[in-house]
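Per-entry structural report
These are the residues of each chain, in order.
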Amino acid sequence: WHTESAHERGQMTMLTGWRPSPAVIYPSMGSIVSHELGSLKNLPPFVTIPSTPDQAGTGYLSPTFGAFSVGGDPSKPGFTVQDLALPAGVDQLRFDTRRSLKEVVDAHHAHLARSGAVEPMGKFYQNAYSMIASPAAREAFDLKVESQAIRESYGQNLAGQGLLLARRLVSAGVRFVTVSYGSWDHHQSLKKGVADQLPQFDQAYAALIADLDASGLLDETLVVVSSDFGRTPKMNSAGGRDHWAKCFSVALAGGGVKRGLVHGSSDATGAEVMEGAVAAEDLAATIFHLMGISPEKKLMAMGTRPIAINGGKVVQDILA
């Protein structure tokens, strides 16, 4: 539960683990993980599919801890991940995996200065990552490696191929992946909206959990399914439901949480939490804890101001 009933503020709350503040722009959880755990095997530590949500920025952290966006729907014919090849004219710099990210960034910056090119900051760092990507790292983004049977088991749509790509990435060493699928903002025609979207997600999610479990990765991979908030307990006159942040559900699987557990309960209509309330801050604190990051650790924000990574409490009852 939380108290933010507008999409932008609700998304910021759920993606950062903090209530929006006029004084501080908080980093998303993915950016915190990128900052604290760094990269493995020349892969960006934080990847978003198909794109980065507006509220999943780096906040007071450096842009170097921002997300690498795949830049498109992986279920579309001809899909390729943006920025996984060297920019034109840069190949002569002979980047290899032995060079540090700083060396690569400095060299790319010098190339841009010579060429007079201008790039947005996010694009700049995405290219920096691409320049140190090994063939094995590039293969992690390549869904064509998967068999047709596996791809069909997930579903040939954004939900299915997005979650399959996420599985490939975490298997290869990416620390934190977000997959955004569909709009669930059903203020009207809720029945049709859910019928159009839920079967695709249901198939993809079931395939992901089964796939991770079969490979042994589920025990070390935390899968979280959430939205920015819930929906009103009663239908409105347009056959839909409106924004409701006071009581909603989040699903967690693997990664150190108990299996088959239902934590907490609501009243009969799902309007209020009756017991086991979990604030958005508590959910974020639990995610950080399960990833080996102390929520209480303080990072330096602007003006040498120390700020805790998160202010919530770990939900001990759900831990395995």
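Keep in mind the model is a prediction, meaning the values are calculated, not measured. (Residues numbered from 1 in each chain as written. Predicted model: local features only at pLDDT ≥ 70, side-chain atom pairs only at ≥ 80, totals over all residues. Heavy atoms only, no water.)

In a beta sheet, neighbouring strands pair by backbone hydrogen bonds and run either parallel or antiparallel. Pairing is parallel across the open sheet formed by three strands, whose spatial order is 2-1-3. The open sheet is flanked by strand 2 (68-69) and strand 3 (176-179), the only strands paired with a single partner. In terms of strand pairing, strand 1 (residues 46-49) meets strand 2 through two bridges, oriented parallel. Counterpart to threonine 48 in the pairing with strand 2 is serine 69. Packed on one face of the sheet, helix 7 (residues 158-172) meets strand 1 and strand 3 and runs near 175° to strand 3. (Pairing = 2+ DSSP bridges. Helix = DSSP H or I, 4+ residues; strand = E, 2+ residues; numbered from the N terminus. Contact = heavy atoms within 4.5 Å. Axes fitted to C-alpha atoms, helices over the stretch in contact; angles between N-to-C directions.)

This part takes up the pattern of salt bridges. Per the counting criterion, the structure on display carries twelve salt bridges. For arginine 168, the salt bridge goes to glutamate 146, with nearest N and O atoms at 2.7 Å. With arginine 168 in helix 7 and glutamate 146 in the loop between helix 5 (135-140) and helix 6 (148-154), this pair connects stretches of sequence that are 22 residues apart. In terms of burial, arginine 168 and glutamate 146 fall into one category: buried. Several salt bridges converge on common partners, so that one network encompasses Glu146, Arg167, Arg168 and Asp211. (Salt bridge = Lys/Arg side-chain N within 4 Å of Asp/Glu carboxyl O. Buried < 20%, exposed > 50% of the residue type's maximum accessible area, 1.4 Å probe, protein only.)

Below, the discussion takes up the nonpolar core. The nonpolar side chains of a soluble globular protein tend to be buried, and buried together. Residues Leu43, Val47, Ile49, Val70, Phe141 and Leu169 are the most contacted members of the largest nonpolar core, which totals 32 residues. Counting residues in hydrophobic clusters, the runner-up holds 25 residues, among them Ile32, Tyr60, Ile287 and Ile293. (Core = buried A, V, L, I, M, F, W, Y, C linked by side-chain atoms within 4.5 Å.)

Turning to the packing of helix 7 against helix 8 (residues 190-215), a few remarks are in order. At a minimum axis separation of 8 Å, helix 7 and helix 8 run at an interaxial angle of 20°. Taken together, helix 7 and helix 8 sit at an angle that is classed as roughly parallel. As helix 7 packs across helix 8, the resulting crossing turns out to be right-handed. Contacts between helix 7 and helix 8 involve Ala159, Gly160, Leu163 and Arg167 from the former and Gln200, Phe201, Ala204, Tyr205, Leu208, Asp211 and Leu212 from the latter. Tallied by class, the residues present in the contact of helix 7 with helix 8 amount to seven nonpolar, two polar and two charged. (Parallel < 35°, antiparallel > 145°, perpendicular 65-115°, else oblique. Left-handed = near helix turned anticlockwise from the far one by under 90°. Nonpolar A, V, L, I, M, F, W, Y, C, P; charged D, E, K, R; others polar.)

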